[in-house]
Amino acid sequence: MVTPRLQGLSPATIQNVVAAAQALEAGRADAATAQLIPALASNPDHPEILRLHASILNLRGDYAAAVATMRRALAQRPDDPLYHNTLGSILGTGNDLDGAITALKRACELQPTLADAWYNLGVMLTHCVRRAEAIDALQRAVAINPRHMDARSLLGDMLRAENRIEEAETEYRRVIAERPWAGVAWLGLADLKSLRLAVSDIEHIRRALRDPRAGDDDLIALGFALAKGLDDECRYSESLTALAQANAIARRRKTWNAQGFSAVVTGLLDSFNPPPRHSPDANLGHDAIFVVSLPRSGSTLVEQILTSHSSVQGAGELPDLPLTLTEESYQRLVPFPLWVDKMHAEDWQHLGERYLQRTARWRSQRPMFVDKLPSNWMYIGAIRAMLPAAKIICCRRDPLETCFACYRQHLASNEYTRTFDDLAAYWRDFDRSIHYWRAEHSSHVHEHIYEDLIADPETSIRGLLEFCELPFEGACLRFYQNKRNVFSPSATQVRQPLRPDTARAPGYGALLDPLRTALDMPPFSG
């Protein structure tokens, strides 16, 4: 017989716990914390209180403490599917996707009717680019609970990735019809770049923002959707206000430590200076092309161009490189990059082979593949040591356009995008890293400039192919005819010919002077 989760708690404590759970469901960490504090003080080892506390810590970005707390709870209820579901969600937030999938599969085994576990499993499988499995998990979630709006919205995203735009719009609007405040559906609709939100849609979003049933996650997504609609109407000041409000709500949960991150980047650069002896197999990684960048810098476009070549398969934003490094950290009981100076050339070869083993499915149809996880720019030193023959393409775009595009896009778990100052600091860390790696490894690190591609597409594309040691193919110039699935916010855009009018900052004029100041750029001159 399963012990009830709230057994042993007083009526008053139960009331606090239930209220905390409701606040968590709405994504309101402050309210959840206020409710849980007295319960945690009187029952510090109760598993259900620990589970909720772990969820709050996770929402606030204290990942290590969240995992430790959740494991304490799970030790007391090892066969509780909800506990495995919570652990899986927390591990996923911390990018331990392998661990997350294991925990969530266990939750589904223990309770096959737990729709949230199937949904969370679908999310993690999506992050791992295991799309067929992800769709199966999401369909299971919807079959169990047809009113699981997040699962249905994510299915809408899958339809968008397959360029089934009308079907995706229909799915989003079905969700909105049942739950007008569903921010994730409104945001999905707004992200259909070929679609302009109607004036009536904008008013519906404004009403949804006032709906008391909307949680913080809804409010954040609704704010970004509203900003997109207002931008389409050239109501730039109102659009910026909507963005500021949405980003402020997100920032209440997690703040970005720009100084701490900069120190991390410095540590990464120092760890690979001088470069360690790389894998003795100089040909290792000849089939891998890494595309790195800040978000919204044209990396999806570069992948689309390269995968229009008959020899190149597009894999998308693979988590396998950071997961390979994380595996090594677990084995050494020391976080990356503190173990770099302990590595021998054979150790790097082992890691390179492990990465290639993890990504083998992407070479089953074509001899080369693209791994386009943007944040892999931080791991260029490790790539060079593990895979000495791999090609690394660093995508750049005008810093003002890049930072503003990041600010306008709802990039979950990218907390540096919430303020102009944080964005500028992050861009500078990226900039100095790319300059360093280009100087150190010029034959294996190629800088691709978005504006150069727009100005002279054929020369830029020929340069990409030459760097990758690929013969020219005309299909790469017609990349927009490539029918592959694209799972990024640029999915609709990369299926269109290049446009010279993608810059957004000029329309905002002096309204973006605070961002220009943060980037040490002169004010708008008209």
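Before reading further, recall that the structure is shown in the block above.
Residues numbered from 1 in each chain as written. Predicted model: local features only at pLDDT ≥ 70, side-chain atom pairs only at ≥ 80, totals over all residues. Heavy atoms only, no water.

Participant: It is not clear to me how the overall build of the protein should be interpreted in this structure. Could you clarify?
Facilitator: On a plain count of helices and strands, the protein comes out with 25 helices and five strands. Computed over its C-alpha atoms, the radius of gyration of the protein comes to 23 Å, within 12% of the 24 Å expected for a compact globule of 526 residues. Based on the C-alpha atoms only, the size of the protein along its principal axes is roughly 70 × 60 × 45 Å. Burial status across the protein gives 55% buried among its 526 residues. Contacts in the protein between residues at least 24 apart in sequence constitute 70% of all its contacts with a sequence separation of at least 6. (Helix = DSSP H or I, 4+ residues; strand = E, 2+ residues; numbered from the N terminus. Rg over C-alpha atoms; globule rule 2.2 N^0.38 Å. Buried < 20%, exposed > 50% of the residue type's maximum accessible area, 1.4 Å probe, protein only. Contact = heavy atoms within 4.5 Å.)

Participant: Looking at this model, I keep getting lost on helix α6 (residues 97–110). Mind explaining?
Facilitator: In an α-helix, one turn spans 3.6 residues, which is why side chains three or four residues apart end up on the same side. Here α6 contains 14 residues, and its C-alpha end-to-end distance of 20 Å stays within 8% of the 20 Å for a straight helix at 1.5 Å per residue. Buried within α6 we find L97, G99, A100, I101, A103, L104, A107 and C108. Buried residues along α6 sit in contact with α5 (81–93), α7 (115–127) and α17 (320–332). (Expected span 1.5 Å × (residues − 1).)

Participant: What should I look at first to understand the sheet that holds strand β1 (residues 288–293) in this one?
Facilitator: Strands in a sheet are paired, the pairing made by backbone hydrogen bonds, and the direction either parallel or antiparallel. Taken in spatial order, the five strands line up as β2-β3-β1-β4-β5 in an open sheet, and their pairing is parallel. With partners counted over all chains shown, the strands left at the sheet margins are β2 (312–316) and β5 (445–449), one partner each. Adjacent strand axes in the sheet meet at a mean angle of 25°, parallel and antiparallel pairs treated alike. Note: β1 against strand β3 (residues 368–371), three bridges, orientation parallel. Bridged to I289 within β3 is V370. (Pairing = 2+ DSSP bridges. Axes fitted to C-alpha atoms, helices over the stretch in contact; angles between N-to-C directions.)

Participant: Looking at this structure, I do not really get the side chain of H84. What am I missing?
Facilitator: Examined against the element boundaries, H84 turns out to sit in helix α5. Polar side-chain contacts of H84 include one of 2.7 Å to the backbone oxygen of P78. With sequence-adjacent residues up to four places away left out, H84 is seen in contact with L74, P78, A103, L104, R106, A107 and L110. (Polar contact = N/O pair within 3.5 Å; in protein donor to acceptor, adjacent residues only side chain to side chain.)

Participant: What should I look at first to understand helix α4 (residues 63–76) in this one?
Facilitator: For α4, built from 14 residues, the straight-helix expectation of 20 Å at 1.5 Å per residue is met to within 8% by its first-to-last C-alpha distance of 21 Å. When α4 is considered as a whole, its buried residues turn out to be A66, V67, T69, M70, A73 and L74. Elements in contact with the buried residues of α4: α3 (47–59) and α5.

Participant: Is there a simple way to explain the nonpolar core in this structure?
Facilitator: By size, the foremost hydrophobic cluster in this structure holds 97 residues, and its most contacted members are F290, F336, W348, W377 and M386. In this structure, M386 is in contact with S279, L284, L321, T324, L325, W348, L351, G352 and Y355, ignoring residues within four places of it in sequence. Grouped together as the second largest cluster of nonpolar side chains are 39 residues, L57, L87, L104 and A137 included. (Core = buried A, V, L, I, M, F, W, Y, C linked by side-chain atoms within 4.5 Å.)

Participant: I tried to follow the packing of aromatic side chains on my own but got confused; where do I start?
Facilitator: Where two aromatic rings form a pair, the distance of their centres and the angle of their planes describe that pair. For the coordinates displayed, the defined rule picks out 21 aromatic pairs. Seen from their ring centres, Y236 and Y508 are 4.4 Å apart, and the 45° between their planes marks the pair as tilted. A residue pair is termed long-range when its members are at least 10 positions apart, and Y236 in helix α14 (residues 236–253) and Y508 in helix α24 (residues 505–508) qualify at 272 residues. Exposure class is identical for Y236 and Y508. Each is buried. Look at F336 and W339: their rings are 5.3 Å apart centre to centre, the planes differ by 55°, and that puts the pair in the tilted class. In this structure F336 comes out as buried when scored by relative accessible area, which is 18%. Members of the aromatic cluster, each reached through a chain of ring pairs, are F272, F336, W339, W348, Y379, Y436 and W437. Its end group placed over the ring of F467, K391 keeps NZ or CZ at 5.3 Å from the ring centre. Its guanidinium or amino end placed over the ring of F404, R408 lies 5.7 Å from that ring's centre, counting from NZ or CZ. (Phe/Tyr/Trp six-rings, centres within 6.5 Å; stacked < 30°, edge-to-face > 60°. Lys NZ or Arg CZ within 6 Å of the ring centre and 35° of its normal.)

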